Structures are given as C-alpha cells and as structure tokens.
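Survey of secondary and tertiary structure
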Amino acid sequence: MSISLSSLILCPIWISMAQIQQGGPDEKEKTTALKDLLSRIDLDELMKKDEPPLDFPDTLEGFEYAFNEKGQLRHIKTGEPFVFNYREDLHRWNQKRYEALGEIITKYVYELLEKDCNLKKISIPVDASESEPKSFIFMSEDALTNPQKLMVLIHGSGVVRAGQWARRLIINEDLDSGTQIPFIKRAMDEGYGVIVLNPNENYIEVEKPKIHVQSSSDSSDEPAEKRERKDKVSKETKKRRDFYEKYRNPQREKEMMQLYIRENGSPEEHAIYVWDHFIAQSAAENVFFVAHSYGGLAFVELMIQREADVKSKVTAVALTDSVHNVWHQEAGKTIREWMRENCCNWVSSSEPLDTSVESMLPDCPRVSAEIED
C-alpha cells in the first residue's frame, strides 16, 4: 500500500488531536496549540510534493510523442508506446495527463481531415452570429453536388470528436484503428461525397464569473457587537472550509460553465440539424450512413423525426455496435420494417465475420464483426 508524504506528516497530528480531545478540560491548551500548528502548515506546498502541477504540454512534441509511419503513437526517444501510469500512485494526475494528450490528438485528427483527406471545415449553426457558441462538421468538396453517392459518418458518445471512432485505439493502437480516415479515403476513392458529423461538440466551456456577495452586516440594523460576533463566526467557518478544501484538492481548477450550441445541444439534435441544412439539400441520389454506438441511436432518432425524408434519400445504413433501442425510442412499425430491409448492425462477437447474431429487438439484422470487446 502506498502512503503519501502528506499523509505521513499529517497522520500523527490527527491522531494526537483525537487523543487530546478524549482528555479533560486541561488538554484544551494543547488542542489549541496543535490547531495553530496545523493552520501554519503550507498545504499547497505539502501536497505539491505528492502531485505535480497539472500543467501539461499543448503539442505532441511537448509530450515527446509522435505518430510513426504506421500511424502508431510512440515516444520519440525510446520508441515505446504511450504509458498511462507515468507517475506511480498518482492516478488523478495521470488521468489529467491522458486527457491533455487526448485534446492534442483531437486537433491532430482535425488537421489530418483537412490536409490528408481534403475535407472542408464547416461552421454551424450556419447563421451563427460572431458572439454565439459554434460547432463544426467536415465535408468533401463535392458533398452537396455529387449527383450519385454521399457517405455520412457518425461516431459514438464520450470524448471522441469528428473523425474519430475511439481515442483509446488511436493512442494504444494506431490511427487506422481509431479514426474514420480509412473509411473517408476509401469512400472518396470510390466516388462518394463525404460528410463527417461532430455530434459530441454540443457546448463551449467558459470560466464562471466570480459572484461577489455583499456582507449582510453592511445593511443590517443589528447592533454592532452582534454583527462582529456573526462576522467572526463566518470568517472562522470559511477558514476551516478552505483549510480542508486545500488539503483535499490543493490544485483547485477553474470553475467552468457550459454554453450550449444552438440547435446542436445533443447528438440527436446535431444529426437532425446536419440533415436539414446539408444532407437533405445534397444532390446525391443515394445516401449511405455509417454510425457507431450512440451514433446509431442518433440515426434512429433522425428517422423518427424525419421518416419520409430519410426513406426518400437513404439507401443503406451500416451500424457498428449500435446502442439504439426501437422500443425505448418508440420507433413505429414502418420504421422498424424499413430498418430490417436497409440496415445492418455489426456487433462485437467471436463468431466469424457476418455470422448472424441473435437479437431481442425487431429491427435490423445483427451480424458478427469478428471482434470481441
């Protein structure tokens, strides 16, 4: 079992206080002395010895990682794969480091979509003002003008963004496994226009404004002596609260608030918005969807909201480990019948590829992806 430095220092003090508090009134002086000692411990400095600052590089080079010619993330000096437990017994710090790297990879994939796949980044809402929150999707040059075929890609839930299937696979396997890039390049080679949705980009985060609360004593008619006593109690309470909060989380992060993007505040809303403003306006005679995990649920919701339009334009839907549920989503009989004829859900299974897999839901066929969880 690992014991932190701060625990070693503070534990005997807590024990001493507990023992003293069990004694009589004559021990009050010792208790006061110990409390004074604790108040003078610089917990910020103490805890920093346990957890390094949450300041991480903002580039792959800063992390000393790069993608090699096989699309694998490797350390530029050792050639080793990414190591999550970079600092032993510092899980929170390691997780924050992983998340920081993930944000860099998200931007890296965006660059690949534009530079390697020649996709255009399109801001939404299309009529957004300069000041309001915005998101974006990616489209090929001919996405709206290709008269024959259009491919639409929707990823699942979580931290993934446009162009990704799974961040974990990008970091631990390679770009081909974790991104949509192989799908995009093959589709374009075979003459498809392409639209890449970004259903998890639902809001922007900004720092919460600090609220200054006016002291009640400023406008109170209470006697001065009573106000002073109340203020003293309030200050002592705040001091104790700050003391324990600093010990629990010395590297206090900024408090953030979420500003949702108009008409794109959820994956379902996003799918409908992109359909109405882009896919429905495209010239393609045949539209094809590839939707993973929650992306399948978003597609089913799109069908429920735009059934006739979807049926008139969509030719086929490839689902992968879709989490849709026609009962919970209340998809009607006509939608279920259409899905049986036009959709297929490839699911995690050890069975050979395309082997039929039993399903309790009366919608689309389920077949093996020949991949286990």
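Refer to the structure above for everything that follows.
Cut-offs applied
In this convention, every chain numbers its residues from 1, walking through the sequence in written order. pLDDT decides what is reported in this predicted model: residues at 70 or higher carry local features, side-chain atom pairs at 80 or more are listed and counted, and totals for whole chains, interfaces and linings draw on all residues regardless. Excluded from the side-chain calculations are hydrogens and water; all other atoms, namely the structure's heavy atoms, are used. Under the scheme used here, helices are H or I runs from DSSP no shorter than 4 residues and strands are E runs no shorter than 2 residues, and both carry numbers assigned from the N terminus. Three labels apply to residues, based on accessible area from a 1.4 Å probe with only protein chains included: buried if under 20% of the type maximum, exposed if over 50%, partly exposed otherwise in between. Note on definitions: a residue-residue contact is assigned when non-hydrogen atoms from the two residues lie within 4.5 Å. Residue exposure ignores everything except the shown protein chains as possible cover, and the areas themselves are Shrake-Rupley values with a 1.4 Å probe. Only Phe, Tyr and Trp rings are paired, with Trp represented by its six-membered ring, and only when their centres lie within 6.5 Å; those with planes under 30 degrees apart are stacked, over 60 edge-to-face, the remainder tilted. To sit over a ring, a charge needs its Lys NZ or Arg CZ within 6 Å of the ring centre and within 35 degrees of the ring normal. Two strands qualify as a pair provided that DSSP identifies no fewer than 2 bridges between them. Inter-axis angles, ranging from 0 to 180 degrees, are taken between N-to-C directions of lines fitted to C-alpha atoms, where helices are fitted over the stretch in contact.

Our next topic: the overall build of the protein. In terms of helices and strands, the protein carries 13 helices and twelve strands. Every one of the 373 residues in the protein was classed for burial, and the buried ones make up 40%. In the protein, the share of contacts with a sequence separation of at least 24, taken over all contacts with a separation of at least 6, comes to 68%. Summing over all exposed atoms, the protein offers an accessible surface of approximately 22000 Å²; the carbon and sulfur share of this is 50%.

This paragraph deals with the packing of aromatic side chains. Inspection of the entire model under this criterion finds 15 aromatic pairs. Taken together, a centroid distance of 5.0 Å and an interplanar angle of 55 degrees make the contact between Phe-289 and Phe-299 tilted. With Phe-289 in strand 9 (residues 286–292) and Phe-299 in helix 11 (residues 294–305), the pair connects residues that are ten residues apart, well separated along the chain. As far as the burial class goes, Phe-289 and Phe-299 line up, both buried. Each member of the aromatic cluster is reached from another via a ring pair, and the members are Tyr-65, Phe-82, Phe-84 and Tyr-98. Arg-87 extends its terminal NZ or CZ atom over the ring of Trp-93, reaching a point 5.0 Å from the ring centre.

To continue, consider the sheet that holds strand 10 (residues 314–320). Across the sheet, eight strands lie side by side as 3-4-6-5-9-10-11-12; this open sheet has mixed pairing. On the outer flanks of this sheet lie strand 3 (120–124) and strand 12 (366–368), each paired with one strand and no other. Across the sheet, the mean angle from the axis of one strand to that of its neighbour is 20 degrees, orientation sign disregarded. Of the strand pairs in this sheet, strand 4 (residues 135–139) and strand 6 (residues 193–196) are connected by two bridges, and their pairing is antiparallel. Within strand 6, the position partnered with Met-139 by the bridge is Ile-195. Together, strand 10 and strand 11 (343–347) form the strand contacts of helix 13 (residues 333–342), whose direction differs from that of strand 11 by roughly 70 degrees.

In this section: unusual backbone geometry. Of the consecutive residues Ile-124 and Pro-125, the connecting peptide bond is found in the cis state with omega at -5 degrees. Note on placement: Pro-125 falls in the loop between strand 3 and strand 4. The phi dihedral of Glu-370 falls on the positive side, at around 55 degrees, and the residue is not glycine. Secondary-structure assignment places Glu-370 in the segment after strand 12.

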